[in-house]
Amino acid sequence: RSKNNGRAQYSFFEPEMDAAMRMRREIEGELREALHNGGLNMVYQPQSDRTGRIAGVEALLRWKHPERGDISPAMFVPIAEECGLISELGIYTLRESFIASRQWPGLKVAVNISAAQLRMRDFPEKVADLIKECAVDPRTFELEITEGLLLGDDPVTHGVLRELRQMGFSIALDDFGTGYSSLSYLQRYPIDKIKIDRSFVANLGIEKESAAVIQAIVKLARALKLDVIAEGVETIEQRDQLVEIGCEEIQGYFYSRPVEAARIGEMCSKQEEFIGRRA
Ligand code: C2E
Ligand code: MG
Ligand code: MG
Ligand code: MG
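Presented here is a report on the structure given in the accompanying data block. These numbers were taken from a predicted model, which means no experiment stands behind them.

Among the residues making up helix α11 (residues 236–245), those that are buried are Q238, R239, L242, V243 and I245. Looking down the long axis of α11, one finds its buried residues gathered within 160° of arc, a one-sided arrangement. The exposed set on the far side of α11, more than 90 degrees from its buried face, consists of E237 and E244. Directly after α11, the chain includes G246, whose backbone phi takes a positive value near 110°.

If you want it as structure tokens, here you go:
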């Protein structure tokens with residue numbers, strides 16, 4: 001009935017919620033507020049070809065929380081998925097990436113898409129509107145989807161992916177090798193690229209088997225005519241081994257951490273200068 005009554009009821013239940021639950025509620029509210037008031041931003045990490053030249057960037061979401069500090073998207077994206085914010089968050093990510101891409105003609109821009117968005121039938125239409133609004137070409141973009149249980153065999157997901165690909169987007173399977181049904185996904189999903197999970201890269205030089213697994217993935221990708229990129233490359237030894245194995249693209253701290261959009265432009269022009277001097 002009255003507002004007061006509602007509040008009293010709430011506080012009656014509150015002691016029964018555990019601390020984690022309360023914290024979660026708080027984070028949900030703060031995330032919504034950050035999304036609406038400029039508290040989120042994107043950073044971009046170079047993806048280099050075998051010669052070290054920047055071929056593209058991956059757009060990564062950041063939340064600088066005023067009290068809690070930097071919160072990882074690995075933590076808040078799942079929260080957004082559960083509290084119904086993912087659609088809006090996903091559009092934010094795409095719009096920012098589309099706009100930023102206009103500064104980097106010739107670079108491919110990879111954007112992470114949540115499996116929850118792929119289950120929404122109207123997603124391709126929303127993306128098409130955004131493409132028009134931002135005046136960009138879908139062929140500039142790669143959509144990264146994480147291989148995992150979430151993807152499943154949902155027919156809507158299949159249809160949405162196919163539509164996006166028809167629009168000109170390329171599709172990359174992220175964190176490849178960590179899911180359960182990797183091989184069957186490869187056959188059933190309309191994809192263009194495999195992204196070797198960083199756990200395999202991290203074990204290069206530590207476990208002999210890691211190189212063997214990466215070799216097998218690269219061979220498989222070739223057989224299926226898929227491109228392949230390795231993520232989480234931190235050392236020159238890892239880079240050299242991956243290039244030797246035949247991995248076409250490399251992403252990781254070895255080349256660069258994720259940086260502000262303006263830095264990407266600087267890195268590209270420095271590189272052109274260097275290549276120009278060599279030629
Ligand atoms: P991901 O797509 O696999 O992104 C790669 C993660 O590895 C990023 O973490 C990146 O900062 C980190 N990384 C890059 N190079 C290295 C390296 O050399 N060593 C190590 N140890 N880590 C490296 P980040 O930015 O914290 O993102 C975590 C995950 O959150 C992403 O994994 C992706 O699944 C998700 N995510 C990030 N941005 C978005 C977004 O805009 N939308 C959605 N739906 N998910 C996002
Ligand atoms: Mg990714
Ligand atoms: Mg990944
Ligand atoms: Mg991931």
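Picking up after the structure, the text goes on.
Where helix α6 (residues 123–134) meets helix α7 (residues 155–167), the axes come as close as 9 Å, and the angle between the chain directions of the two elements is 25°. Put simply, α6 runs roughly parallel to α7. α7 is crossed by α6, and the crossing has right-handed handedness. Judged by residue contacts, F123, P124, V127 and A128 of α6 engage V160, E163, L164 and M167 from α7. Here the contact of α6 with α7 is built from residues that sort into 7 nonpolar, no polar and 1 charged.

Right, let's get into the pairing of strand β1 (residues 40–48). As a general feature of sheets, a regular strand has side chains that alternate between the two faces. The buried count for β1 comes to 8 of 9 residues, which makes it a mostly enclosed element. Sheet analysis places β1 next to strand β2 (residues 54–65), joined by 9 bridges and oriented antiparallel. By the bridge assignment for β2, V43 is matched with L60. Adjacent in sequence and paired antiparallel, β1 and β2 are bridged by 5 residues, among which G52 carries a positive phi angle near 95°. As defined by bridge partners, β1 adjoins strand β9 (residues 249–251) across 2 bridges and the pair is classed as antiparallel. Counterpart to S48 in the pairing with β9 is I250.

Quick notes on the rules
- Every residue gets a number counted from 1 within its own chain, in the order that chain's sequence is written.
- Chain letters and ligand numbers both follow the written order, the letters beginning at A and the numbers at 1.
- It should be noted that, the model being predicted, local features are given only for residues of pLDDT at least 70 and side-chain atom pairs only at 80 or more, the latter also being counted only at that level, while totals for whole chains, interfaces and linings use all residues.
- No hydrogens and no water enter the side-chain calculation; it runs on all heavy atoms of the structure.
- Accessible area is worked out with a 1.4 Å probe on protein chains only. A residue is then buried under 20% of its type maximum, exposed over 50%, and partly exposed in between.
- Only DSSP runs of H or I reaching four residues or more are called helices, and only runs of E reaching two or more are called strands; each is numbered from the N terminus.
- By definition, the arc is the one covered by directions from the helix axis to the C-beta atoms.
- Where helices are involved, their axes are fitted lines through C-alpha atoms of the stretch in contact, as for all axes, and angles between N-to-C directions lie from 0 to 180°.
- Oblique is the label for any angle not covered by the other classes, which are roughly parallel (under 35 degrees), roughly antiparallel (over 145) and roughly perpendicular (65 to 115).
- Crossings are sorted by hand: turned counterclockwise from the far helix by less than a right angle, the near helix makes the crossing left-handed, and turned clockwise it makes it right-handed.
- Residue contacts are counted whenever heavy atoms from the two residues lie within 4.5 Å of one another.
- Any residue outside Ala, Val, Leu, Ile, Met, Phe, Trp, Tyr, Cys, Pro, Asp, Glu, Lys and Arg is labelled polar, Gly included; the first ten of those are nonpolar and the last four are charged.
- For two strands to be treated as a pair, DSSP must find no fewer than two bridges joining them.

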